[in-house]
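Coordinates in review
Here are the chains, one letter per residue:
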Amino acid sequence: MFEIKSRDACARICDWKIGKYKVKTPNIAIVVNPDKQIVTPRELKDIFGAEIIITNAYIIRNSKKAKEIEKDGMHKVYDWDGPIYTDSGTFQMYSHGSVKISPEETIAYQKKIGSDIITPLDLFTLPKDNSEIAEKKLADTLSRIDDARESVTSQDLVGPVQGGRFMELRAQAAQKVGKIGVDVFAIGGIVPLMEKYNFTKLIETVMTVKMNMPLNKPVHAFGCGHPMLFSLLTLLGVDLFDSAAYALYAEDRRYMTVNGTLKVDDISELPCNCPACSGKKPTDMKMRDIAMHNLYVTFQEIKTIRQAIVDGTLFELVEMRVRAHPALFDAYLRLLANEEYMGFMEKFDPMTKERAFFYTGSVSLDRPAVARVAKRLEERYVPPKGRNGYIVRSFERFAKSTKSSHFIVMDNIYGAVPSELLNMYPFGQTIVPSSVSQNLLCNSEKAINEYISSYKSYYPKFHILSKYKDTKELADFDKKPVDHILEARSILMYQYGKGAEKILTGDIKLEISRKTGRLRRIYIGAEILGTLRAEDGFFIPAGLGAERLMEVLPKPAYRVVVSDDAVPFVREGKSVFSKFVINADVDIRPYDEVLIVDSLDNLIGTGKCMLNPDEMMDFKEGVAVKTRLGFS
Ligand code: GUN
Ligand code: ZN
């Protein structure tokens, strides 16, 4: 079972059940060598909090410990009470040329030694393999996975995705492995890409696999053990890494950092205070110290990434990490420039995030949240009619519209933004260095010209203001009451689409926060319609708001349809599990506020989506919608 708990971009924090064990992802499986334990599995658990280890069945079979492991099992011999992932020997084929084990033998052997996650003997496809070879290796790999699926029933099965440098083959591989039905998707044959710093091909490969596989399975990047790459690959949706590198590097006196690798003997001071480094000079570092340091950096980066996912700041982290090497930065720029990849990512990127959007450079402008804003404003927003339009610079973004005026902000990131949306994520939660803003003004100027030409029929007059505060005529606006109804109407449009504003009818009463002057609640007479969440300005419908949204939003907009079995539970306020979802509006994004309905489109609840509509169809486990209100 694999269940999403939190998310950012294509990254996700999941609970992954492997047999009787539970692992949190993203995570790293440290490679344990039966004959050479620089760090023991017990130490991995006690010192680093490791939850899963990976070891190689082929190496075990040829090791001095083989007899003991065959008799007592790996868990006992390794002194490890957690899931053990075994690789098959494929990688040894790559590094040593050949292996003396058959596909059937390796499966039987992995079962015998007590593996929890079993890997078939896939055929490692090299970047230099031509299309014929890659195709042949893929066909053989697929038939081996198929055979393994027959015999692996009580353990998890890995589906290695090969295909070499050919993206059509990678896509086919992901689809076919998906059809076979495996428990883990492992992207294979990528070690040579990482060794050669071909990060562009690495990203292409990962994205191609992600876009062609079921969404409810963990993804492992086979052989990726360098913390420099973890955040970027997590952003693309990789859930598991593995590291033999911590030890291999240590043997070579190479010292990992999140910005790349250093030769310990080339540095004058250790740039780290982990327990392995603390108080030592580079020359004091023994092999084990370096391995321990490498593990500290590795686990620390995994934790940093998980926190960034919860905070919604993974892009900020990635934008720092990719600066480690121009090849990595280049690969990232190419990812951002790829419309297909970014379009895919947009479907997974949450509508709202815990923390502000920090601008770290022009790359930030290519985040999916930015493209989404432009598209939404164009498709969903219409200005109010018959008011004078006042266009202000972003540093005057607190200009508020009144009954007779409409302020539009020239925002340097998002273009022409109606000022009444400025409390909403991401508009009000974006931080750009002020000197940078000046350089970006040309972008917003273009957006403003477009806005004016699209909507000139709505406004009797436009005023383009350079300095709001200095304009005497306009100082009066500060004294006039802010038009909060306009704000409510525009938020509804932006959040649910055109027409949603029609729920604002009748005896509308607004509750304004005394402290902040912001709109907090909307009532119709004495009954509450909904609340505006202080953090991100989103409208959270109350019962009346939800009923009215049902009336004004044409089916299937913003609905999640659940099967009859689930209806009584949702009515009681229980969350919607994905296996009960029978349909969901394609425009829904993670963390959207949605209407939960039965198969006859009767409203039964409201809630916050944890999954996007495609995921709701693929996932069989876990929560799809966290129910806020259940209606009986
Ligand atoms: N370890 C690193 N790359 C690979 C791969 O492609 N297949 C398997 N089975 N193990 C690997
Ligand atoms: Zn250290």
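Being a predicted model, the structure only gives us computed values, none of them experimental.

Structural notes on the overall build of the protein chain
- Helices and strands together make up the secondary structure of the protein chain, namely 23 helices and 29 strands.
- Here the C-alpha atoms of the protein chain give a radius of gyration of 28 Å, agreeing with the 26 Å that 2.2 N^0.38 yields for 632 residues.
- Based on the C-alpha atoms only, the size of the protein chain along its principal axes is roughly 85 × 60 × 50 Å.
- Across the 632 residues of the protein chain, 59% fall into the buried class.
- Looking at the protein chain alone, contacts between residues at least 24 apart form 66% of all its contacts between residues at least 6 apart.
- Here the protein chain displays about 26,200 Å² of accessible surface, and carbon together with sulfur accounts for 51% of that area.
- Measuring between centres, the 87 positive side-chain charges of the protein chain sit 3 Å from its 83 negative side-chain charges.

Details of the sheet that holds strand β23 (residues 539–541)
- Spatially, β20-β21-β22-β23 is the arrangement adopted by the four strands of the open sheet, whose pairing is antiparallel. Edge positions in the sheet fall to β20 (508–512) and β23, since each of these pairs with one other strand and no more. Strand-to-strand twist across the sheet, computed as the mean angle between neighbouring axes with direction ignored, equals 25 degrees.
- Across the sheet, helix α20 (residues 484–496) touches β20, β21 (519–524), β22 (527–532) and β23, and the angle it forms with β23 is around 80 degrees.

Remarks on the coordination of the zinc ion (ligand 2)
- With distances of 2.1 to 2.3 Å, the protein atoms coordinating the zinc ion (ligand 2) are C272 (SG), C274 (SG), C277 (SG) and H293 (ND1).
- Taken together, the four donor atoms coordinating the zinc ion (ligand 2) and their angles of 95 to 121 degrees define a geometry best described as tetrahedral.
- One chain supplies every donor to the zinc ion (ligand 2), and in sequence these donors are spaced C-x1-C-x2-C-x15-H. The same class applies to C274 and to C277, which are both buried.

Quick notes on the pairing of strand β17 (residues 415–418)
- With four bridges connecting them, strand β16 (residues 405–411) and β17 associate as antiparallel partners. Counterpart to V409 in the pairing with β17 is V417.
- As consecutive antiparallel partners, β16 and β17 are separated by three residues.

Digging into the pattern of salt bridges
- Scanning all chains against the criterion turns up 38 salt bridges.
- Where R7 meets E615, a salt bridge forms, and the shortest distance between an N and an O atom there is 2.8 Å. Taken together, the residues R7 in strand β1 (residues 2–8) and E615 in helix α23 (residues 613–618) connect sequence positions 608 residues apart. E615 matches R7 in its accessibility class, with the two residues each being buried.
- The closest approach of N and O atoms between R628 and E593, which form a salt bridge, is 2.7 Å. Here R628, found in strand β29 (residues 623–630), pairs with E593, found in strand β27 (residues 593–597); they are 35 residues apart in sequence, far enough to count as distant.
- Given the relative accessible area of 38%, R628 is considered partly exposed.
- What emerges from the salt-bridge pattern is a single network uniting E3, K5, D15 and K22.

As for the sheet that holds β1
- Spatially, three strands are ordered β1-β2-β3 in an open sheet, and the strand pairing comes out antiparallel. At either end of the open sheet lies a strand with only one pairing partner, and these are β1 and β3 (21–25). Recorded for the sheet is a direction-independent mean angle of 15 degrees between the axes of neighbouring strands.
- Strand direction decides the pairing type here: strand β2 (residues 11–18) and β3, joined by five bridges, are antiparallel. Each bridged residue has a counterpart across the sheet, and for I18 the counterpart in β3 is Y21.

So, the site of ligand 1
- The environment of ligand 1 is formed by D87, S88, T90, F91, T119, D122, F124, Q162, G188, G189, V191 and F222.
- D122 places a side-chain nitrogen or oxygen 2.8 Å from a nitrogen atom of ligand 1.
- Interatomic distance of 2.9 Å between a backbone N/O atom of G189 and an oxygen atom of ligand 1.
- The fraction of the free accessible surface of ligand 1 (280 Å²) that becomes covered by protein chains is 97%.
- When its residues are assigned to classes, the shell around ligand 1 shows four nonpolar, six polar and two charged.

What about the packing of aromatic side chains?
- Applying the stated criterion to the full structure yields 16 aromatic pairs.
- Between the aromatic rings of F2 and W16, the centroid separation amounts to 6.5 Å while the plane-to-plane angle is 85 degrees, which identifies the pairing as edge-to-face. Of the two residues, F2 sits in strand β1 while W16 sits in strand β2, which places them 14 residues apart along the sequence. Comparing F2 with W16 shows no difference in burial state: the two are buried.
- For the pair F48 and Y296, a centre-to-centre distance of 4.7 Å together with 65 degrees between the ring planes defines the contact as edge-to-face.

Calculation rules
- Here the residue numbering is sequential within each chain, running from 1 through the sequence in written order.
- Think of it this way: whatever chain is written first is A, whatever ligand is written first is 1, and the rest follow in order.
- Reporting of local features is limited, given that this is a predicted model, to residues whose pLDDT is at least 70; pairs of side-chain atoms are given and counted only at 80 or more, and all residues count toward the totals for whole chains, interfaces and linings.
- Side-chain numbers here rest on the full set of heavy atoms in the structure, without hydrogens or water.
- Strands are runs of DSSP state E lasting at least 2 residues, helices are runs of H or I lasting at least 4, and numbering of each runs from the N terminus.
- The globule rule is 2.2 Å times the number of residues to the power 0.38, and the radius of gyration it is compared with is taken over C-alpha atoms.
- Burial classes: relative accessible area under 20% of the type maximum marks a residue as buried, over 50% as exposed, and values in between as partly exposed (1.4 Å probe, protein chains only).
- Any two residues whose heavy atoms approach within 4.5 Å are treated as being in contact.
- What sets the accessible areas is the Shrake-Rupley method with a 1.4 Å probe; for residues, cover comes only from the shown protein chains.
- For this count, His and the chain ends are skipped, Lys and Arg are scored as positive, and Asp and Glu as negative.
- Charged groups are reduced to one reference atom each: NZ for lysine, CZ for arginine, CG for aspartic acid, CD for glutamic acid.
- Between any two strands, pairing holds if DSSP finds at least two bridges.
- Helix axes use the C-alpha atoms of the stretch in contact, all axes being lines fitted to C-alpha atoms, and the angles between their N-to-C directions lie in the range 0 to 180 degrees.
- Water is absent from the atoms considered, so a metal site may look incomplete; donors are defined as N, O and S atoms within 2.8 Å of the metal, or 3.2 Å for Na, K and Ca.
- Between 85 and 135 degrees for all angles marks four donors as tetrahedral; over 155 degrees for opposite donors together with 65 to 115 for all other angles marks four donors as square planar and six as octahedral; every other arrangement is irregular.
- Any Lys or Arg side-chain nitrogen found within 4 Å of a carboxyl oxygen on Asp or Glu counts as a salt bridge.
- Here a residue counts as near a molecule or strand whenever at least one of its heavy atoms sits within 4 Å of it.
- Think of a polar contact as two N or O atoms within 3.5 Å of one another; within protein, one of them needs to be a possible hydrogen donor and the other a possible acceptor, and neighboring residues in sequence only count if both atoms come from side chains.
- Following the grouping adopted for this structure description, the nonpolar residues are Ala, Val, Leu, Ile, Met, Phe, Trp, Tyr, Cys and Pro, the charged ones are Asp, Glu, Lys and Arg, and the polar ones are all others, Gly among them.
- Note on ring pairs: Phe, Tyr and Trp rings are taken, using the six-membered ring of Trp, and paired if centres are within 6.5 Å. Classes follow the plane angle, with under 30 degrees stacked, over 60 edge-to-face and the rest tilted.

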